[in-house]
Amino acid sequence: MLCRAALGRVGLWRGLCSSSRLQGQTGSELVDCTVTPYLCRLDTPLSDVPYERDLTNEQRALKEKEKGDWGKLTKEEKLALYRLAHQHSYCEMRQGSSEWKTVLGGVFFMLGFSGLLVWWQRVYVFGEVPHTLSPEWIEKQTQRMIDMQVNPVQGFSVYWDYEKKQWK
Amino acid sequence: MSLVKPAMRGLLGKRLRFHLPIAFALSLVAAAGFKYMVTEPRKQAYAEFYRNYDAAKEFNNMREAGIFESVRPSGE
């Protein structure tokens, strides 16, 4: 009941649920760090303090009514009292968000951008490659490796046909 | 309206009883797989290579190719 009703209200950053006061703040409301914060977490589920600490008059009246017979509370009042004490239900707490798509997209974008930077660096910053990587040198080097029978069991020289003098 | 009481004890034991046999089995499979797909073929390959290996002949081939500094090819 709580989950289905509240799913409509869930925004993008719900996964980062911590103190109610800290969400979506631009600095207009200061956080009082001397009192115990309300923690909305699955691993420390029942906070010592209620979610809504400063109650309006009608909320205070409801709290008074709560001190009496609970059978007299209507369903809406019970729900209101729940919402005063808790920010999210378990259902809402377990809910994921689509944040991972943003994160993955950002990661890929940054990788791509880094790739562009590396390419620019390769073209405009790095000097020439050493002469030992020129094709002629590599050819002579490979021939020498074959003559030496480098890795003749499972590696390099296995693939050279010594009779026909070519790669197998 | 009466919900079933959730399990309060023995949670770690239950998890271990489920996961440890699987972990051991998978480790053994990994070890066996590595043994029979990597080490045994490698041993066979080395055995095959050295079964009919003529060291002197191979040395002469290498010498003629000119890679040694202490023994030049027989022509020089």
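Not measured: the values here are computed from a predicted model. (Residues numbered from 1 in each chain as written. Chains lettered and ligands numbered in written order. Predicted model: local features only at pLDDT ≥ 70, side-chain atom pairs only at ≥ 80, totals over all residues. Heavy atoms only, no water.)

Attention now moves to the overall build of chain B. When helices and strands are counted, chain B shows 2 helices and 0 strands. Of all 76 residues assigned to chain B, the portion counted as buried reaches 5%. For chain B, the exposed area adds up to about 6,900 Å²; of that, 63% sits on carbon and sulfur atoms. (Helix = DSSP H or I, 4+ residues; strand = E, 2+ residues; numbered from the N terminus. Buried < 20%, exposed > 50% of the residue type's maximum accessible area, 1.4 Å probe, protein only. Areas by Shrake-Rupley, 256 points an atom, 1.4 Å probe, with all protein chains shown as cover.)

Right, let's get into the pattern of salt bridges. Residue and element names in this part refer to chain B. Applying the stated criterion to the full structure yields 9 salt bridges over all chains. Residue E40 pairs with K35 through a salt bridge whose shortest N-O separation is 3.9 Å. Owing to a relative accessible area of 22%, E40 belongs among the partly exposed residues under this scheme. For E48, the salt bridge is made with R51, and the minimal N-O distance between the two is 2.7 Å. Of this pair, E48 and R51 both sit in helix α1 (residues 11–51), 3 residues apart, which is roughly one turn of that helix. Residue E48 is classed as partly exposed on the basis of its relative accessible area, which comes to 48%. One continuous salt-bridge network, built from bridges that share partners, spans K35, E40 and K43. (Salt bridge = Lys/Arg side-chain N within 4 Å of Asp/Glu carboxyl O.)

Let us look at a nonpolar patch on the surface. Taken together, the side chains of F109(A), M110(A), F113(A), L116(A), L117(A), W119(A), W120(A), V123(A), Y124(A), V125(A) and F126(A) present a nonpolar region at the surface, about 1,300 Å² in accessible area. Inspection of the secondary structure puts L117(A) in helix α5 (residues 99–124). (Patch = residues over 30% accessible without salt bridge, like charges linked within 9 Å, V, L, I, M, F, W, Y side chains within 5 Å.)

Here the focus is the interface of chain B and chain A. For interface size, the figure often reported is the accessible area lost on association. With 10 residues of chain B at the contact, the number on the chain A side is 7 residues. If you sort the residues of chain B by the area they bury against chain A, F49(B), M62(B) and I67(B) come out on top, with a joint share of 54%. Taken together, the connections running from chain B to chain A amount to 2 residue pairs in polar contact (both at pLDDT 80 or more). Counting residues per element, the ones that place at least two in the side of chain B that touches chain A are α1 and α2 (55–65) of chain B. With 5 residues, α1(B) is the single largest residue contributor to the side of chain B that touches chain A. Looking at the side of chain B that touches chain A residue by residue, the classes come out as 8 nonpolar, no polar and 2 charged. (Contact = heavy atoms within 4.5 Å. Buried area = accessible area lost by both parts, 1.4 Å probe. Polar contact = N/O pair within 3.5 Å; in protein donor to acceptor, adjacent residues only side chain to side chain. Nonpolar A, V, L, I, M, F, W, Y, C, P; charged D, E, K, R; others polar.)

This part is about unusual backbone geometry. The general pattern is negative phi for most residues beyond glycine and trans for most peptide bonds. Residues and elements named next belong to chain A. One non-glycine residue with positive phi stands out, namely Q149, at about 55°. Relative to the helices and strands, Q149 resides in the loop between α6 (135–148) and β1 (160–161). On the basis of relative accessibility, which here comes to 12%, the residue Q149 falls in the buried class. The backbone phi angle of N151 is positive, close to 50°, even though this residue is not glycine. In this structure, N151 sits in the loop between α6 and β1.

Do not read the predicted coordinates in detail wherever pLDDT is low. Chain-level statistics for chain A give a pLDDT mean of 84 and a share of 83% at 70 or above. Overall, residues 5–25 of chain A carries pLDDT values under 50, and its contacts beyond four positions in sequence, including any with other chains, amount to 32 contacts. (pLDDT = per-residue confidence, 0-100.)

Vacant regions in the atomic arrangement are exposed by a probe of water-molecule size rolled over the atoms. Estimated volume of the largest pocket: approximately 640 Å³. Of all the elements in the fold, those that place two or more residues in the lining of the largest pocket are α6 and β1 of chain A together with α1 and α2 of chain B. Per-element accounting of the lining of the largest pocket gives the leading share, 5 residues, to α2(B). Looking at side-chain class alone, the lining of the largest pocket contains 11 nonpolar, 5 polar and 9 charged residues. (1 Å grid on protein atoms, 1.4 Å probe; cavity = no way out; pocket = protein on both sides within 12 Å on 5 of 7 lines; lining within 4 Å. Points joined across faces, edges and corners; volume = space filled by probe spheres on them.)

With that settled, consider the packing of aromatic side chains. Evaluated as defined, the whole model comprises 8 aromatic pairs over all chains. A ring pair is formed by F156(A) and W167(A), whose centres lie 5.7 Å apart and whose planes are at 85°; its orientation type is edge-to-face. Of this pair, F156(A) sits in the loop between α6 and β1 while W167(A) sits in strand β2 (residues 166–167); the two residues are 11 residues apart in sequence, bridging distant segments of the chain. Overall, the relative accessible area of 42% leaves W167(A) in the partly exposed class. The interplanar angle of 90° and the centroid separation of 4.9 Å between the aromatic rings of F49(B) and Y50(B) together place this pair among those described as edge-to-face. Its relative accessible area of 48% is what places Y50(B) among the partly exposed residues. Note that K35(B) overlies the ring of Y36(B), its terminal NZ or CZ placed 5.8 Å from the centroid. (Phe/Tyr/Trp six-rings, centres within 6.5 Å; stacked < 30°, edge-to-face > 60°. Lys NZ or Arg CZ within 6 Å of the ring centre and 35° of its normal.)

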